[in-house]
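# Analysis of the macromolecular model
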Amino acid sequence: MAEPEKPKKKPKKKLDLNRVKMPKQEPAIRRRNFNEVALGYTHDMALKEANRCIQCKKRPCQSGCPVNIDIPDFIEAIKEDNLPKALEVLKRKTSLPGICGRVCPQETQCELKCTLNQKGAPIAIGRLERYVADWERAQGEVQLPEIAPSTGKNVAVVGSGPAGLTVASELAKLGHKVDLFEALHIAGGVLVYGIPEFRLPKDIVRGEVDYVQKLGVELHLDTVIGINMTLDELLNGKYDAVFLGTGAGLPRFLGVPGENLNMIYSANEFLTRTNLMKAYLYPEYATPLKMGRRVAVIGGGNVAMDAARCAVRLGAEEVHVIYRRSREEMPARAEEVENAEEEEIQFHFLTTPIGFLADGRNNVCAMELLKMQLGEPDESGRRRPVPIEGSEYVMDIDTVVVSLGTSPNPLIPNTTPDLETTRWGTVVADEKGKTSKARVWAGGDIVTGGATVISAMGAGKIAAQAMHEYLTS
Amino acid sequence: MFTIVEKEELASSVHRMRVKAPLVAAKAQPGQFIILIIDEKGERVPFTLSDWNKEDGSVEFVFIEVGKTTRALAKLQKGDSLAHLIGPLGRPSHVDHFGHVVCVVSGYGIAGMVPTIEALKEKGNKITTILQVPNQENLFGEEKLREISDELILAAGGDGGFTNPTALKPLRQLVKRHPRECIDRVIAMASFCLMKLCCEITRPKEIPTYVHLAPLMVDGTGMCGACRCVVEGKNRFACVHGPEFNGHLVQGWDVLMARRCTYADEILGQQSFQCSSCSQW
Ligand SMILES: Cc1cc2nc3c(=O)[nH]c(=O)nc-3n(C[C@H](O)[C@H](O)[C@H](O)COP(=O)(O)OP(=O)(O)OC[C@H]3O[C@@H](n4cnc5c(N)ncnc54)[C@H](O)[C@@H]3O)c2cc1C
Ligand SMILES: Cc1cc2nc3c(=O)[nH]c(=O)nc-3n(C[C@H](O)[C@H](O)[C@H](O)COP(=O)(O)OP(=O)(O)OC[C@H]3O[C@@H](n4cnc5c(N)ncnc54)[C@H](O)[C@@H]3O)c2cc1C
Ligand code: SF4
Ligand code: FES
């Protein structure tokens, strides 16, 4: 947008519709390890893919990006083999390209809008973004940006997920003193406790956290706001402003009979044990994860895909995903659904559990399922699943992972009476992230409910700007 | 890092540990717990606070060696440190002037209940404490409990010649005399099976009975759902809604116990529950 368009000749060139494939670990091999599945483009692959881009004047791809990355410009820079410039373009709008390139649902964002998508072969924007970020990482020591002189203002950022990390780094660069509080013993939020190593290597997240610390942000792990200090104590203490980025960590359950039987996990527990506590390296790491041979995962989102694919890698013989709508409605990233299928995960669409049965020792041994069909569209525009009467059947399983989504943890709202929340438990904030409480901003999943990394990061950028304006006015 | 400032063996396999953790000490209240991690590869393990000192910023807990983490903890000494410690977690015990309160303790509850009893005492309650241990070699904490209770009843198994092998007989006797000798509240911090039986004893006479549930936990902040239990038909997380619950409203004790022992089969060789070989007994 910034640069004036160069006068271009009409593109006479024939469109290249051969999307460069992502090299991946073979399914049979990756089923047995937690290493990253997608290996990343080589230099040649990236050039080839970038060269497919026709540099559309109207920049439809950019309009599909939640944080408005200047996509054609960074791709152009790759074409010119000018990776420092490509990186600079990316970093104007995203602070976490290595993460977003890997986990963004590009097929519903930039790649959906890409002109070439009309022919079914959008530019692999996410893979190119990842390529540039990986190139930067391979350069070693990351250059620190210039940090503005100290403003003398103190800011508390609560939660170290993508939203919190973004606000912390933005405000630190602007010269504010930032304390970042995290309840868990490792920083990164869902990026470390939820999304598995094989999709997002933890080294990358650690790199981002290190970077934020190098900017002067002080990280306080093992500190729960609402317990160790209330929000009011922060505000009455040394902090001029507070950002809440505590995510949506409270697991939902089905509420059907037998759901508390032994060997029925929430996805949060299953993934936290696996990823944060590294149960896949037990006993080198002390946290175990008990799992049987036939695992059922309930749900159809990214979380369900991650749980199912972890189960495969932890040695399950069969993994079944039970989803109440059809494949088209699945909210998971398309690429991960494909990966899951390649990894021999079995999908049961239009099916929902109505109860769990015990083996006589209070371990789950089977579940009762009900078939559904799609009816009228609901508020979300997706067709509502309605039960088919008399279609109940029983399936033997010995482990269940319930993955129905999450809502915000009520800890902070409960200890802050004047912080307005919705009936879903999300914190009310305006378009700049300002909450109902003076000097408090919020962003990410705590405001939107479970959403995406990029939207959390975007909300962080906007809130940081608004906080900076407040702090310097 | 959290430095260990005191460490003492109280009985066979029972240890007391005091750790510097000023942020935790500043907010600690009776009945709350902490979660600690020994090193970067360690498990998150919960322990109930048995004492704290806001001035020197230290907190104390008593632990029983049962498995990997507790055995590793037992090897640590004064001056060593723990990688992580978070807390105080959970809701504090409900403390008020009730009248006559009967406290049933076993396992770590022998130490974990002390702050609650002290707070109850301060509110002017009369305290009868029933202390259960599997045998005399495992007896600890008796002196402290005797000092803060109006009456202490000891129940021990083994061949010590004790009249009460478990806490159940003395509790039954006390309940029998109710309401002639009134009991206003029973609080138990003990093994699951003992707490469940206490609830059955007090239920017919509707004596308010509160239990401290300690299911498996991971995060301790309401994020994982490992600690869920059904209370009055609702799913509750012991780490944020508890650990103290109205025992008469707790449902599905058997499921809770099965979940608690998910990782016990191999170690305790349990066919079904052999409660008397449980560490909490
Ligand atoms: C398994 C899984 C897979 C996902 N896959 C994708 C994907 O492929 N692509 C995508 O775009 N999105 C994905 N998401 C969603 C995405 O991760 C989230 O939308 C995003 O992480 C939200 O960021 P956040 O900063 O708002 O919160 P979070 O990442 O949830 O971070 C919040 C942090 O705050 C901490 N915290 C909470 N309460 C307190 C407190 N009281 N005091 C101190 N700290 C506190 C938490 O411990 C946590 O570390 C996935 C989510 C999950 C669970
Ligand atoms: C809220 C809460 C407060 C607690 N307070 C204390 C405390 O103050 N002192 C203390 O010693 N412990 C306490 N516990 C129990 C303590 O957390 C466990 O003993 C500990 O996790 C064992 O860890 P480990 O690695 O040593 O054993 P692991 O190797 O994890 O386990 C060894 C075996 O013993 C079993 N086991 C462990 N604990 C129990 C138990 N409580 N009941 C039945 N079986 C068990 C395990 O399931 C496992 O099979 C508390 C638990 C909770 C949830
Ligand atoms: S829409 Fe597609 S082809 Fe057009 S500029 Fe964007 S990435 Fe390139
Ligand atoms: S321990 Fe995770 S929710 Fe209670």
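Residues numbered from 1 in each chain as written. Chains lettered and ligands numbered in written order. Predicted model: local features only at pLDDT ≥ 70, side-chain atom pairs only at ≥ 80, totals over all residues. Heavy atoms only, no water.

### What to know about the nonpolar core
Residues and elements named next belong to chain A. If you look at the biggest cluster of nonpolar residues, it comprises 77 residues, and the most contacted ones within it are Ile-71, Phe-74, Ile-75, Ile-78, Leu-128 and Val-132. A total of 9 residues in this core trace back to one element, the largest contributor, which is helix H18 (residues 453-472). Core analysis: the next-biggest nonpolar cluster, separate from the first, contains 48 residues, Leu-261, Leu-271, Leu-289 and Val-401 among them. (Core = buried A, V, L, I, M, F, W, Y, C linked by side-chain atoms within 4.5 Å. Buried < 20%, exposed > 50% of the residue type's maximum accessible area, 1.4 Å probe, protein only. Helix = DSSP H or I, 4+ residues; strand = E, 2+ residues; numbered from the N terminus.)

### Notes on the packing of helix H7 (residues 192-202) of chain B against helix H8 (residues 253-260) of chain B
Residue and element names in this part refer to chain B. Viewed as axis vectors pointing N to C, H7 and H8 meet at an angle of 170 degrees, and their least axial separation amounts to 10 Å. Our classification of the angle between H7 and H8 gives roughly antiparallel. Counted together, Phe-192, Cys-193, Met-195, Lys-196 and Cys-199 of H7 and Trp-253, Asp-254, Leu-256, Met-257 and Arg-260 of H8 form the full contact between these two elements. Residues that form the contact of H7 with H8 fall into these classes: 7 nonpolar, no polar and 3 charged. (Axes fitted to C-alpha atoms, helices over the stretch in contact; angles between N-to-C directions. Parallel < 35°, antiparallel > 145°, perpendicular 65-115°, else oblique. Contact = heavy atoms within 4.5 Å. Nonpolar A, V, L, I, M, F, W, Y, C, P; charged D, E, K, R; others polar.)

### Regarding the interface of chain A and chain B
At the interface, 41 residues of chain A touch 41 residues of chain B. Between chain A and chain B, roughly 3500 Å² of surface is buried when both sides are summed, and carbon and sulfur atoms account for 53% of that area. Summed over the three residues of chain A that lose the most area to chain B, namely Asp-222, Asn-260 and Lys-290 of chain A, the buried surface amounts to 18% of that side. Linking chain A with chain B are 2 salt bridges. For the pair chain A and chain B, the number of links is 17 residue pairs in polar contact (both at pLDDT 80 or more). At the level of secondary structure, the elements contributing two or more residues to the side of chain A that touches chain B comprise strand E5 (250-251), strand E6 (264-266) and helix H13 (267-276) of chain A. (Buried area = accessible area lost by both parts, 1.4 Å probe. Salt bridge = Lys/Arg side-chain N within 4 Å of Asp/Glu carboxyl O. Polar contact = N/O pair within 3.5 Å; in protein donor to acceptor, adjacent residues only side chain to side chain.)

### Digging into the site of ligand 1
Residues and elements named next belong to chain A. Around ligand 1, a shell composed of 35 residues is seen, among which Val-103, Glu-182, Arg-199, Ile-225 and Asp-445 lie nearest. Within the backbone of Val-453, a nitrogen or oxygen atom sits 3.0 Å from an oxygen atom of ligand 1. Compared with its free state, where it exposes 990 Å², ligand 1 has 94% of that area covered by protein. Among the elements of the structure, helix H9 (162-173), helix H14 (302-313) and H18 are those that each provide at least two residues to the shell around ligand 1. In terms of residue count, H14 provides more of the shell around ligand 1 than any other element does, 3 residues in total. Tallied by class, residues from the shell around ligand 1 come to 18 nonpolar, 12 polar and 5 charged. Residue assignment places the shell around ligand 1 across two domains, with domain 2 (154-249 + 407-472) and domain 3 (253-404) each supplying three or more. (Near = heavy atom within 4 Å. Areas by Shrake-Rupley, 256 points an atom, 1.4 Å probe, with all protein chains shown as cover. Domains from an automatic or database assignment.)

### A closer look at the domain arrangement of chain A
Residues and elements named next belong to chain A. Assigned domains within chain A: domain 1 (27-139), domain 2 (154-249 + 407-472) and domain 3 (253-404). On a C-alpha basis, the centres of domain 2 and domain 3 stand 30 Å from each other. Contacts between domain 2 and domain 3 engage 13 residues on the former and 15 residues on the latter. Together, the buried faces of domain 2 and domain 3 total about 1100 Å²; carbon and sulfur atoms form 57% of this surface. Applying the counting rule to domain 2 against domain 3 returns 2 salt bridges. When the shortest N-O distance is used, the salt bridge between Asp-306 and Arg-199 registers 2.7 Å.

### Details of the sheet that holds strand E16 (residues 440-442) of chain A
Residues and elements named next belong to chain A. In space, the 5 strands of this open sheet follow the order E3-E2-E1-E4-E16, with parallel pairing throughout. Across the chains shown, the open sheet's two edge strands, defined by having one partner strand only, are strand E3 (218-220) and E16. Mean inter-strand twist for the sheet, computed between neighbouring axes without regard to direction, equals 20 degrees. Taken together, the 5 bridges between strand E1 (residues 154-158) and strand E2 (residues 177-181) define a ladder with parallel strand orientation. Looking at E2, one finds that Val-155 is bridged to Val-178. With respect to the sheet, H18 is in contact with E1, strand E4 (241-244) and E16, its orientation differing from that of E4 by roughly 170 degrees. (Pairing = 2+ DSSP bridges.)

### Comments concerning the pairing of strand E7 (residues 294-298) of chain A
Residue and element names in this part refer to chain A. Most of E7 sits out of view: 4 of its 5 residues are buried. Both E7 and strand E8 (residues 318-322) contribute to a ladder of 5 bridges, which runs parallel. Along E8, the bridge assignment pairs Ile-298 with Ile-322. Across 4 bridges, the pairing between E7 and strand E14 (residues 399-402) is parallel. Paired with Val-295 across the strands is Thr-399, a residue of E14.

### Some points on the environment of Val-256 of chain A
Residues and elements named next belong to chain A. Inspection of the secondary structure assignment puts Val-256 in the loop between E5 and E6. Taking the C-alpha atoms as reference points, Val-256 and Pro-353, separated by 97 residues in sequence, lie 7.9 Å from one another. In contact with Val-256, other than residues within four places in its own chain, are Pro-353, Ile-354, Gly-355 and Phe-356.

### Concerning the site of ligand 3
Residues and elements named next belong to chain A. Around ligand 3, the neighbouring residues are Cys-53, Ile-54, Gln-55, Cys-56, Pro-60, Cys-61, Pro-72, Ile-75, Cys-114, Thr-115, Ile-123 and Ile-125. Going through the elements one at a time, helix H3 (60-63) and helix H4 (71-79) are the ones with two or more residues in the shell around ligand 3. Of the residues assigned to the shell around ligand 3, the class counts are 10 nonpolar, 2 polar and no charged.

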